[in-house]
Amino acid sequence: MQRNPAHPPISTHPTTPLSTIAAGQTVELAAIEGGRRLRKRLADLGLSVGERVRVVQNPPVGPLILAVKEDARLGIGRGMARKIYVHPSEHHA
Amino acid sequence: MKTCCSSPPPKTASPPRPAEAQHAQPPTATAPVIALAGNPNVGKSTLFNALTGARQHVGNWPGKTVERKEGIARIHDRDLTIVDLPGTYSLNAYSSEEIITRDFLVNEHPSLVIAVVDAANLERNLYLVVQVLELGVPLLLALNMADAAHKRGLRFDLPALSERLGGVPVVETVGSRNQGVDALRERIHECLSRPAAPPQVAIDYGQPLEREIAALEKRIAADPILSRQFRPRWLALKLLENDEDLRARLEGAGYQELLAAADQAAARVAEQSGEDPETLITDRRYTFIADVLRGVVQRTHDNGETLSDKIDRVAAHPFWGVPIFALAMWVVFQFTARVSAPFVDWIAAVLEGPLSDWTLALLDVLRLGHSWVASLLVEGVIAGVGGVVAFVPVLASLYLAMAILEDTGYMARSALVMDGVMRKIGLHGKSFLPLVVGFGCTVPAVYATRTLENETDRKLTGFLTPFISCGARLPVYVVFSAAFFGAHAGSFIFALYVLGIAVALGTGWLLKHTVYRHVPPQPLVLEMPPYRLPNWPNIARQVWTRTKSFLHNASTIILMSSVVIWLLLALPSRPGVGRVADVPPHDSVFGVVSRALAPLFKPAGFGAWEASGSLMTGFVAKEVVISTMSQLYVDEPSTDQAPLEAERPDLLADLGEIARSFGQATLLTFQEAVNIAPRTLSLLPGVHLPELNAFTPSEAEEADNTRTLELALQREFTQSAGSPARGELAAAAFNVFVLLYVPCTATVAAMRQEFGTRWTLTQMAYALGVAWLFAVLAYQGGLLLGVA
């Protein structure tokens with residue numbers, strides 16, 4: 001129960017940290033590094049594995065802004081974004 | 001369209017639940033209780049206001065600093081109690097808001113829960129709604145801010161939504177414009193007039209989860225205590241979700257076996273599916289929501305980038321965001337410090353002038369003039385009331401500024417922008433605002449910590465705010481620097497401000513590396529609500545209720561400390577030195593206590609009892625240090641009696657004067673508010689806008705008095721320290737102490753209200769220790785360096 005077996009980055013698809021995704025791209029969350037408490041918190045806000053999010057803003061430094069569930073906007077620290085792995089984009093907005 | 005709350009057929013076949021009927025019983029004896037639940041920023045308060053009007057009561061939840069708002073709504077000649085639950089994203093009770101909301105829903109059995117959701121953000125909002133549904137309480141859904149959703153091209157099929165949620169009535173509302181509120185009232189009435197039964201929606205969690213849920217559910221249903229308190233299926237789910245709060249409670253109640261069974265069940269699920277149960281449960285809920293919304297929400301046009309997104313490209317930009325935030329802070333600071341000033345002066349003038357005169361005249365009539373009663377009333381009680389009331393304009397203007405920032409949605413952006421900087425010293429982006437407000441006044445700064453959701457961050461920030469030098473400490477520095485440092489006065493004052501900031505940040509760093517070492521840095525994830533125009537009635541109500549709550553909570557402690565100081569000064573220390581309320585300060589109990597404390601400050605160079613005495617009165621309010629010093633040093637026995645020699649007041653003339661000065665204060669306030677604009681623009685290099693200057697405050701005639709005090713201070717500090725140079729060092733050390741030592745009573749009252757007695761006492765002890773240490777360091781360090 002301590003470790004979560006479900007979310008090592010999925011090996012069949014290459015994954016990349018959310019912090020590297022340019023604004024305007026839509027990506028699917030592949031894995032979230034962190035305790036279950038944090039993952040639950042993120043899930044409450046709409047960020048869970050399998051979810052598709054659009055990067056609204058990704059400046060060179062500082063926090064990112066994401067569009068989650070289409071209409072919600074989340075500000076997310078860069079440190080946090082480095083721990084969220086995504087499947088690289090399928091299409092640009 | 002199904003609009004009733006009475007049992008519609010279950011969505012999915014589920015086994016009969018024997019405990020259902022018992023646990024769902026609402027209390028029928030008293031007025032029905034209706035709870036408003038929803039995410040933050042969905043306009044819950046606006047809807048609450050629309051339903052209850054002026055019949056509201058704002059307090060705190062027992063043992064918590066979270067606001068508890070309750071009101072009465074009259075629907076069809078029936079009074080209903082409406083409780084506005086704290087905004088929360090889920091029932092995964094982590095924060096105090098979430099625990100309050102969940103406990104209320106589980107334990108208080110409200111007759112009806114109105115789930116308020118942002119219509120323009122339905123999918124994410126329904127996550128909470130689904131959890132409330134699973135709780136099995138009668139529910140009504142309000143799609144609020146429907147106008148904004150329509151503007152974005154969203155259309156909703158309400159009957160379909162209602163049906164897919166198990167017959168929950170659904171209403172579209174625009175709380176800020178009172179639209180849909182009548183329909184909401186009708187639905188509330190309908191729901192209450194039928195025998196309440198919870199809507200039957202069971203999310204199918206699939207195998208292997210359903211198997212484990214069923215097994216646990218059976219176990220729970222067999223326990224008479226648990227099954228009465230909880231809906232068994234809900235509790236089974238919560239245990240599989242590893243709900244820490246519930247687990248702790250069950251463990252305390254001796255349910256170790258059940259918890260062990262839940263752990264084994266969770267392990268089996270993880271093994272069979274490769275996912276831990278909480279992830280699976282979350283996924284299933286979101287999948288259920290996606291199914292519910294399929295076809296229910298239509299988008300007439302797709303607009304990827306909203307207006308808020310465009311604004312955020314500048315306002316939330318890591319580079320441009322900082323100057324914008326600095327500007328916002330500047331305006332808030334102007335608001336709390338300058339716009340409130342005219343009314344602060346007006347209140348002080350009324351209390352010290354006419355009100356004191358009238359009281360004395362009345363006491364003369366009652367033959368109590370010149371007695372200790374007169375002294376107590378005027379110097380103890382009225383002065384104390386003044387201490388409380390003087391904060392009202394300051395707080396009201398801070399609350400106004402904060403409410404605007406919050407209501408428009410800017411507050412979330414400011415936290416985002418400042419997070420990087422604050423994180424370096426272990427604080428959260430939202431800690432910045434209270435610290436800045438602290439330069440004006442520590443009391444509103446303490447309340448400003450309410451914008452921090454995380455309790456640890458909030459307490460930590462609250463702990464630091466008193467070290468930021470507030471406006472009341474400035475008069476002390478000014479008098480001392482003029483007396484001792486002449487041309488260097490400006491640098492001396494500046495150095496004190498810097499020291500205050502350094503101690504605050506240093507303390508923050510220290511606490512983060514000791515007491516809060518085990519607390520992981522809070523990752524920054526926060527919702528950015530769309531920008532909105534402020535809703536003025538809402539803001540006005542918030543300012544009013546919060547200010548009232550301060551008065552209610554702070555008055556006792558401030559009044560009491562004021563009376564205690566009066567008592568110390570009024571009681572003769574031994575027989576033969578005077579009568580009660582007619583004794584020279586050095587012979588009063590105050591003098592004795594001050595003399596007892598004085599040796600403590602010997603190492604800091606200011607060991608005279610007058611110095612420690614004025615520090616004691618400075619506890620009431622820091623600027624009082626100066627008035628006590630002038631009382632003790634300049635005109636010892638004489639002015640003690642002076643204020644009690646009132647001439648017979650002319651009631652009409654006084655009333656006229658009060659009205660006139662009130663008018664003037666109003667005009668000055670208006671002028672200050674208007675002047676924020678030119679003053680702000682003049683910050684730009686090269687811009688110099690004239691300020692509106694039609695009204696000028698009447699200048700106080702204190703100059704002579706101050707000069708006398710400065711000379712007396714030079715004389716006394718030099719004498720007590722041994723040489724002029726040592727006197728200067730002692731004066732510097734004294735100011736360091738004034739900067740850092742226990743915050744004033746109003747701050748103590750605020751901290752107690754926000755963080756509890758124990759925390760407040762800890763802060764006070766720490767502040768005293770730090771103040772003493774730094775004062776001694778300043779003095780002894782100066783001696784070592786050969787300054788004196």
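Residues numbered from 1 in each chain as written. Chains lettered and ligands numbered in written order. Predicted model: local features only at pLDDT ≥ 70, side-chain atom pairs only at ≥ 80, totals over all residues.

## Details of the overall build of chain B
No. 1: When its secondary structure is counted, chain B shows 34 helices and ten strands.
No. 2: A total of 788 residues make up chain B; the buried ones form 45% of that total.
No. 3: In chain B, of all internal contacts separated by at least 6 residues, the share reaching a separation of at least 24 is 73%. (Helix = DSSP H or I, 4+ residues; strand = E, 2+ residues; numbered from the N terminus. Buried ≥ 20, exposed ≤ 12 C-beta atoms within 10 Å, placed from the backbone. Contact = placed C-beta atoms within 7 Å.)

## A short note on the pairing of strand E3 (residues 67-75) of chain B
Residue and element names in this part refer to chain B.
No. 1: Sheet analysis places E3 next to strand E4 (residues 78-84), joined by seven bridges and oriented antiparallel. In the sheet register, Lys69 faces E4, and the bridge partner there is Asp84.
No. 2: In textbook terms, the turn of a hairpin is the stretch between consecutive antiparallel strands, and for E3 and E4 this stretch comprises two residues, one of which, His76, has a positive phi near 50°. (Pairing = 2+ DSSP bridges.)

## Quick look at the packing of helix H8 (residues 209-221) of chain B against helix H10 (residues 232-240) of chain B
Residues and elements named next belong to chain B.
No. 1: Relative to each other, H8 and H10 sit at 120°, their axes nearing to 8 Å. On the basis of the axis angle, H8 is oblique to H10. Between H8 and H10 lies a crossing whose hand is right-handed. Note on element contacts: H10 touches H8 through Pro232, Arg233, Leu235, Ala236, Leu237, Leu239 and Leu240, opposite Glu212, Ile213, Leu216, Glu217, Ile220 and Ala221. (Axes fitted to C-alpha atoms, helices over the stretch in contact; angles between N-to-C directions. Parallel < 35°, antiparallel > 145°, perpendicular 65-115°, else oblique. Left-handed = near helix turned anticlockwise from the far one by under 90°.)

## Remarks on the packing of helix H4 (residues 122-135) of chain B against helix H13 (residues 277-293) of chain B
All names here are of chain B.
No. 1: At a minimum axis separation of 10 Å, H4 and H13 run at an interaxial angle of 120°. What the angle tells us is that H4 and H13 run oblique. Seen along the crossing, H4 lies across H13 with a hand that is right-handed. Of the residues in H13, those in contact with Leu122, Glu123, Leu126, Tyr127 and Val130 of H4 are Arg285, Tyr286, Phe288, Ile289 and Leu293.

## Describing the interface of chain B and chain A
No. 1: Taken residue by residue, the interface counts 39 residues in chain B and 36 residues in chain A.
No. 2: The element contributing the most residues to the side of chain B that touches chain A is H13 of chain B, with five residues.
No. 3: Looking at side-chain class alone, the side of chain B that touches chain A contains 17 nonpolar, ten polar and twelve charged residues. (Nonpolar A, V, L, I, M, F, W, Y, C, P; charged D, E, K, R; others polar.)

## As for the nonpolar core
No. 1: Residues Ala115, Leu141, Ala733 and Phe737 of chain B are the most contacted members of the largest nonpolar core, which totals 229 residues.
No. 2: Residues contacting Phe737 of chain B, with those up to four places away along its chain left out, are Ala604, Leu615, Ala771 and Ala775 of chain B. (Core = buried A, V, L, I, M, F, W, Y, C linked by C-beta atoms within 7 Å.)

## Here we look at the domain arrangement of chain B
Residue and element names in this part refer to chain B.
No. 1: Segmenting chain B into domains produces domain 1 (20-193) and domain 2 (209-284).
No. 2: Once you take the C-alpha centre of each, domain 1 and domain 2 turn out to be 27 Å apart.
No. 3: Domain 1 puts nine residues into the contact, and the matching count from domain 2 is seven residues.
No. 4: Elements supplying a minimum of two residues to the side of domain 1 that touches domain 2: helix H1 (20-23), helix H3 (96-107) and H4.
No. 5: Residues belonging to the side of domain 1 that touches domain 2 are distributed by class as follows: four nonpolar, four polar and one charged. (Domains from an automatic or database assignment.)

## Focus: the pairing of E4 of chain B
No. 1: Where strand E1 (residues 33-38) of chain B lies against E4 of chain B, four bridges are found, and the strand directions are parallel. Across the sheet, the residue bridging to Val33 of chain B is Thr81 of chain B, located in E4 of chain B.

## So, the environment of Ala540 of chain B
Residue and element names in this part refer to chain B.
No. 1: Summarising the element assignment, Ala540 is placed in helix H25 (residues 536-570).
No. 2: By C-beta crowding, Ala540 is classed as exposed, having 12 other C-beta atoms within 10 Å.
No. 3: Remark: the alpha-carbon pair of Ala540 and Ile404, spanning 136 residues in sequence, is separated by 9.9 Å.

## Digging into the environment of Ala50 of chain B
Residue and element names in this part refer to chain B.
No. 1: Mapped onto the secondary structure, Ala50 falls in helix H2 (residues 44-52).
No. 2: Exposure remark for Ala50: the 24 C-beta atoms within 10 Å place this residue in the buried category.
No. 3: For the pair Ala50 and Val168, spaced 118 residues apart in sequence, the C-alpha separation works out to 22 Å.

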